[in-house]
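Structural overview for review
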Amino acid sequence: MQATRSSIVSSLRWISIAKLSGQVLNWGMTFVVLRLLVPDDYGLMAMATVFVSFMYMFADLGLGVAVIQARDCPKERLAEVFGAMLLLNVSLCLLLMLAAPLISQFFNEPRLTAVLRVLSLQFVLGALASIPRAMLQREMHFKVFSMIEVSGALVSGLTTIVMAWLGYGVWALVGGTLASTIWSGVWVNLAAPLRVWPRFTFAESRQLLAIGGNVTLSRVMWFFMSQADVFIVGKVLGKEALGFYSVAIQLSAMPMNKVMTIINQVALTGFARIQDDKETVIRSIVAGVGVISFIAFPLFWGMSSVAQEIVAVVLGAKWSQAALPLQLIPLIIPLRMLGSYMSTAVQGIGRPDIDVRNTFQGMLLMPPAFYVGCLFGLPGVSIAWLLVVPLLFVGNMKRLLEAAGVPLQDFYANLKLPLAISLGMYAMVALIRYLLPLDVGAVVSLVLLVATGATAYAGTFWVVGRERFLNVLRVVRG
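Residues numbered from 1 in each chain as written. Predicted model: local features only at pLDDT ≥ 70, side-chain atom pairs only at ≥ 80, totals over all residues. Heavy atoms only, no water.

Describing the overall build of the chain
- Looking only at helices and strands, the chain has 21 helices and zero strands in total.
- Taking all 478 residues of the chain together, the buried fraction comes to 53%.
- Within the chain, counting contacts between residues at least 6 apart in sequence, those at least 24 apart form 85% of the total.
- For the chain, the accessible area works out to roughly 21,000 Å², and carbon and sulfur atoms hold 69% of it. (Helix = DSSP H or I, 4+ residues; strand = E, 2+ residues; numbered from the N terminus. Buried < 20%, exposed > 50% of the residue type's maximum accessible area, 1.4 Å probe, protein only. Contact = heavy atoms within 4.5 Å. Areas by Shrake-Rupley, 256 points an atom, 1.4 Å probe, with all protein chains shown as cover.)

Focus: the packing of helix α16 (residues 333–348) against helix α17 (residues 352–374)
- Put simply, α16 and α17 touch, their axes get as near as 7 Å, and they point 145 degrees apart. Between α16 and α17, the residues in contact are Ser 343, Val 346 and Gln 347 and Pro 352, Ile 354 and Asp 355, respectively.
- Split into classes, the residues belonging to the contact of α16 with α17 amount to three nonpolar, two polar and one charged. (Axes fitted to C-alpha atoms, helices over the stretch in contact; angles between N-to-C directions. Nonpolar A, V, L, I, M, F, W, Y, C, P; charged D, E, K, R; others polar.)

Thoughts on the environment of Gly 339
- Within the secondary structure, Gly 339 sits in helix α16.
- Once residues lying within four places of it in the same chain are set aside, the contact partners of Gly 339 are Phe 393, Met 397 and Leu 400.

Examining the environment of Ser 151
- By the secondary structure assignment, Ser 151 is in helix α8 (residues 142–165).
- Residue class for Ser 151 comes out partly exposed when judged on its relative accessible area of 22%.
- At a separation of 2.8 Å, a polar atom in the side chain of Ser 151 contacts the side chain of Trp 183. (Polar contact = N/O pair within 3.5 Å; in protein donor to acceptor, adjacent residues only side chain to side chain.)

Re the packing of helix α14 (residues 307–315) against helix α20 (residues 442–464)
- Relative orientation of the contacting elements α14 and α20 amounts to 135 degrees, with a least axis distance of 9 Å. Looking at the two axes, α14 sits oblique to α20. As α14 runs across α20, the sense of the crossing is left-handed. Listed contacts from α20 to Glu 309, Ile 310, Ala 312 and Val 313 of α14 are Ala 442, Val 443, Ser 445, Leu 446 and Leu 449.
- Partitioned by chemical class, the residues of the contact of α14 with α20 number seven nonpolar, one polar and one charged. (Parallel < 35°, antiparallel > 145°, perpendicular 65-115°, else oblique. Left-handed = near helix turned anticlockwise from the far one by under 90°.)

Comments concerning the pattern of salt bridges
- Throughout the structure, instances matching the rule amount to three salt bridges.
- In this structure, the salt-bridge partner of Arg 433 is Glu 309, at a minimum N-O distance of 3.0 Å. Placement of the pair is Arg 433 in helix α19 (residues 408–435) and Glu 309 in helix α14, with a sequence separation of 124 residues.
- Glu 309 gets classed as buried once you look at its relative accessible area, which sits at 8%.
- Of the charged contacts in the structure, one is a salt bridge between Lys 398 and Glu 402, with a shortest N-O distance of 2.8 Å. (Salt bridge = Lys/Arg side-chain N within 4 Å of Asp/Glu carboxyl O.)

Observations regarding α19
- In a regular helix each residue adds 1.5 Å, so 28 residues correspond to 40 Å; α19 covers 41 Å between its end C-alpha atoms and thus fits that length.
- Those residues of α19 that sit buried are Phe 411, Asn 414, Leu 415, Pro 418, Ile 421, Ser 422, Met 425 and Val 429. (Expected span 1.5 Å × (residues − 1).)

Description of the packing of aromatic side chains
- For the structure on display, the rule yields 15 aromatic pairs.
- Arranged with centres 6.2 Å apart and planes meeting at 35 degrees, the rings of Phe 393 and Phe 411 form a pair that is tilted. Separated by 18 residues along the polypeptide, Phe 393 in helix α18 (residues 377–404) and Phe 411 in helix α19 bring together distant segments of the chain. Neither residue differs from the other here; Phe 393 and Phe 411 are each classed as buried.
- Here a set of aromatic residues connected by ring pairs shows up, and it is made of Phe 51, Phe 106, Phe 107 and Phe 231. (Phe/Tyr/Trp six-rings, centres within 6.5 Å; stacked < 30°, edge-to-face > 60°.)

Some remarks on a nonpolar patch on the surface
- Taken together, the side chains of Val 32, Leu 36, Val 162, Trp 165, Leu 166, Tyr 168 and Trp 171 define a hydrophobic patch exposed on the protein surface, amounting to about 720 Å² of accessible area.
- By the secondary structure assignment, Val 32 is in helix α1 (residues 2–36). (Patch = residues over 30% accessible without salt bridge, like charges linked within 9 Å, V, L, I, M, F, W, Y side chains within 5 Å.)

Section: the nonpolar core
- Within the largest apolar cluster, 103 residues are counted, with the highest numbers of intra-cluster contacts made by Leu 116 and Ile 285.
- With 12 residues, the single largest contributor to this core is α18.
- Every residue in contact with Leu 116, bar those within four places of it in the chain, is listed here: Ala 48, Phe 51, Val 52, Leu 96, Ala 100 and Ile 103. (Core = buried A, V, L, I, M, F, W, Y, C linked by side-chain atoms within 4.5 Å.)

Examining unusual backbone geometry
- A positive phi is found at Asn 108, a non-glycine position, where the angle reads about 55 degrees.
- Positionally, Asn 108 belongs in the loop between α4 (75–107) and α5 (112–119).

Some points on the side chain of Arg 399
- For Arg 399, the position within the fold is in helix α18.
- Each residue touching Arg 399, except ones within four places of it in the same chain, is listed here: Ile 354, Arg 357, Asn 358 and Gln 361.

Quick notes on the environment of Pro 334
- As for its position among the elements, Pro 334 is in helix α16.
- Sequence separation of Pro 334 and Trp 301 is 33 residues, and the distance between their C-alpha atoms is 8.7 Å.
- Setting aside its immediate chain neighbours within four residues, Pro 334 contacts Ala 296, Phe 297, Phe 300 and Trp 301.

Considerations on the side chain of Ser 252
- Here Ser 252 lies in helix α12 (residues 239–273).
- At 2.7 Å, the side chain of Ser 252 forms a polar contact with the backbone oxygen of Ala 248.
- The residues contacting Ser 252, other than those within four sequence positions of it, are Phe 300, Met 303, Pro 325, Leu 326, Ile 329, Pro 330 and Ile 333.

This is the structure:
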């Protein structure tokens, strides 16, 4: 068991280094693309992504997670899973091609038809890579897995930049997406070739289908909860407002998506390996919460504190309306990260039903909140996030922690210090901004404020929470 934990920590450390390097490149390329494209391009892509993302909820019926979580997975079962995924993804591709004109008509955007039809090719390409990808995670080959993902992001970014530079508009975003899918699909099959032919009978995979059914149900409800804002903003406020909003969401969630991809890939396999050792599960959850809260609160609250400067320096004046959403939404991202980690942990120990219940409640509350928020424009939608996410977090955590056997006080004790110090950091940044001369340029202001925030957080944590800081380092180092 100790060997498993050491392997997990080692993998997490190596992947973090690899993906951090890739993330820096990815952020740089994203900012270049934002300079080349206009809000309409992002709004159109966001409309398409809503429907593509929804159909992706069904792309593997949760079988990828089930393969990772299962104690054993013989070739006969893999062949059936492969057959199920081929049938499903070809059907989804055809369905999206047929539905594209109706979706375009709904949004009153004729260009959306061609965009959706090209993006539908992802389903067929993805079906060929889903099982090899799951097997890489199951066997804990995270180094190979992370390098494929990092290189895929690099290919996507370069493709998008070149096409945007040549004036392809929204097709630059489409081309980047497909380039990444093709690249990752080829290399994941080379790294973990699937040496079985698809079978279209499912006697051996019924247990996996049962597990995958809960995962898929949770994903579908998560989609309605998390993507409803894009759908509602696009329909009520229009594609230009959606462009501003989607960029703010993208920048707000980009660090979360990348960091949680690293953590959840390792955590799902790791918790599946130790699911019978309850004490190790509890210790691992508490340690993970400590690391995430230590990083997430200063990172995202720091982003919020300098949102206006980020938009002015990085995006330019044409994106000014994205500043307020970028200031408000990052405030609740740490809670979403902790919720994602706990959901993965509970899935790893064989309790996906808890995640289904939690996501169902979010699906009931979030869409109405977004619709009401739209009545007040983009600020209203952003405030909806701030009001509903903390409310859901408290109830969801109670159920997740009970399922994992983690005491509530141990969980929340890990949040108090990072939360308090981040609040002080936010106040310090606001004070320095107030004291800066009016003629200080946006670039200088951004540099000074970021330096102030980082120094305030690190210095305060070192003074009042040195032992906690050293504990986090020990966890990361293994």
